[in-house]
Amino acid sequence: MTSQTTPRGEVLPVHSEDDVVRVRQAVRQCALAVGFSLVDQTKLVTAASELARNVLVHGHGGQVRLDVLASPRIGIQLVFEDQGPGIPDLERALQEGFSTGGGLGLGLSGSRRLMNEFRIQSQPGDTRVTVIKWKA
Amino acid sequence: MDRIPILKLGDCLIVSLHVDLHDRLALTLQDDLASRVVSTGAKGVLIDISGLDMVDSFIGRILGNIATLCQVLDAETVIVGLRPAVAITLVELGVTWTHVRTALNIERGLALLQHHVSLTAPEETRDEPDDAQR
């Protein structure tokens, strides 16, 4: 992922459920502006919702950085960051059905399927999930 | 606090969901619906999600919970108005609604619920003579 980003990067806070809703709306607007198909818009917004909720529930709040990529293709990159306790076992966390938050355990595995690129790094105090959806 | 209105139509309760559904609101709806099913004795619950432009795993789970909860309270739930893009995303996300009935639109959903109500009502009355004979 050596993509270049436009300088129009937007940073959105994630500290409440209302923030999660705002993240969905911002991602939807961005996907619409870039010209994503309705299905891809929906996948992007859904993945953003899952990952923003993770930041809130597991990371005790954080932020999302939203960037439009221009090269090598047009795409949207989202970076979710939190300073929470981190994910001790990444491999296990990415397994379908694994959940510590009382959910379905589809947050990470599901959003990985909905996006084209998915990268995660986590240590106590610094968890970062980077996802990209390319325009078809 | 915000609440989603629950309408009553005959034996059915009707709920229409819209775009900015946050988690707390979804959980409140679950509790409100359970209470209303009990207080009204409704036999059917229709949830219209044509106003939702996304259903993530949390909202998907709450909708599944509502269906299960209502079933325990003797009411059938039908979810209607699932948009194609939302359906595709739900399937790809991995959400499975095993106990959730869906219908294309409100009209078909209500027809399904009416069918259910008419199927369950005569059975109960038919049971009475049997019981009397025993």
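Now for a description of the structure that goes with this document. Just so it is clear, the structure is predicted and the values come from calculations on it, not from any experiment.

A short note on the overall build of chain B
- Broken down by element type, chain B carries four helices and five strands.
- Order of helices (α) and strands (β) in chain B, N terminus to C terminus: β-β-α-β-α-β-α-β-α.
- Every one of the 134 residues in chain B was classed for burial, and the buried ones make up 48%.
- The long-range fraction of contacts in chain B, counting pairs at least 24 apart against all pairs at least 6 apart in sequence, stands at 74%.
- Counting every atom, chain B has about 6,900 Å² of accessible surface; 55% of that belongs to carbon and sulfur.

Some remarks on the sheet that holds strand β1 (residues 6–9) of chain B
Residue and element names in this part refer to chain B.
- Across the sheet, five strands lie side by side as β1-β2-β3-β4-β5; this open sheet has mixed pairing. The open sheet has two edge strands, β1 and β5 (101–103), and neither has a second partner. Averaged over all adjacent pairs, the angle separating strand axes in this sheet is 25°, with direction ignored.
- Examined bridge by bridge, β1 and strand β2 (residues 12–18) share four bridges and lie antiparallel to one another. Within β2, the position partnered with Ile6 by the bridge is Val15.
- Docked against the sheet, helix α1 (residues 23–40) engages β1, β2 and β3 (44–51), running at close to 165° with respect to β2.

What about the pairing of strand β5 (residues 117–123) of chain A?
Residues and elements named next belong to chain A.
- By the bridge criterion, seven bridges tie β5 to strand β6 (residues 126–134) in an arrangement that is antiparallel. Following the sheet pairing, Arg119 is matched in β6 by Thr130.
- Adjacent in sequence and paired antiparallel, β5 and β6 are bridged by two residues, among which Gly125 carries a positive phi angle near 85°.

Describing the side chain of B:Asp53
- Among the secondary structure elements, B:Asp53 is positioned in the loop between β3 and α2 (57–72).
- On the basis of relative accessibility, which here comes to 16%, the residue B:Asp53 falls in the buried class.
- Setting aside residues up to four positions removed in sequence, B:Asp53 forms contacts with A:Arg28, A:Thr42, B:Val19, B:Arg83 and B:Val86.

Some remarks on the pairing of β3(B)
Residue and element names in this part refer to chain B.
- Most of β3 is tucked away, with seven of its eight residues classed as buried.
- With six bridges joining them, β2 and β3 adopt parallel strand pairing. Opposite Cys12, over in β3, you have Gly44 as the bridge partner.
- Chirality of the crossover, the property in question, places the unit of β2, α1 and β3 among those that are right-handed.
- By the bridge criterion, five bridges tie β3 to strand β4 (residues 76–80) in an arrangement that is parallel. When the bridges of β4 are listed, Asp48 appears paired with Val80.

What about the side chain of A:Glu50?
- Relative to the helices and strands, A:Glu50 is located in helix α2 (residues 38–57).
- We note that A:Glu50 is buried and unpaired, the nearest opposite charge coming from A:Arg53 at a distance of 4.0 Å.
- Leave out the neighbours within four places in its chain, and A:Glu50 touches A:Gly107, A:Ser111, B:Asp56, B:Ser57, B:Phe58 and B:Leu93.

Considering the packing of helix α4 (residues 107–114) of chain A against helix α3 (residues 84–93) of chain B
- Where α4(A) contacts α3(B), the two axes come as close as 8 Å, and the packing angle between them is 125°. By the angle class used here, α4(A) and α3(B) are oblique. Every pair of crossing elements has a handedness; the one defined by α4(A) and α3(B) is right-handed. Where α4(A) approaches α3(B), its residues A:Gly110, A:Ser111, A:Arg113 and A:Leu114 are matched on the opposing element by B:Thr89, B:Glu92 and B:Leu93.

Some thoughts on the environment of A:Thr46
- Topologically, A:Thr46 is positioned in helix α2.
- Taking the relative accessible area as the measure of exposure, A:Thr46 reaches 0% and is therefore buried.
- The spatial distance from the C-alpha of A:Thr46 to the C-alpha of A:Ser111 is 7.5 Å, given a sequence separation of 65 residues.
- Those residues in contact with A:Thr46 that lie beyond four places of it in its chain are A:Leu114, B:Met54, B:Val55, B:Asp56, B:Thr89 and B:Leu93.

Calculation criteria
Residues numbered from 1 in each chain as written. Chains lettered and ligands numbered in written order. Predicted model: local features only at pLDDT ≥ 70, side-chain atom pairs only at ≥ 80, totals over all residues. Heavy atoms only, no water. Helix = DSSP H or I, 4+ residues; strand = E, 2+ residues; numbered from the N terminus. Buried < 20%, exposed > 50% of the residue type's maximum accessible area, 1.4 Å probe, protein only. Contact = heavy atoms within 4.5 Å. Areas by Shrake-Rupley, 256 points an atom, 1.4 Å probe, with all protein chains shown as cover. Pairing = 2+ DSSP bridges. Axes fitted to C-alpha atoms, helices over the stretch in contact; angles between N-to-C directions. Right-handed = clockwise from strand over helix to strand, strands pointing away. Lys, Arg positive; Asp, Glu negative; His and termini not counted. Salt bridge = Lys/Arg side-chain N within 4 Å of Asp/Glu carboxyl O. Parallel < 35°, antiparallel > 145°, perpendicular 65-115°, else oblique. Left-handed = near helix turned anticlockwise from the far one by under 90°.

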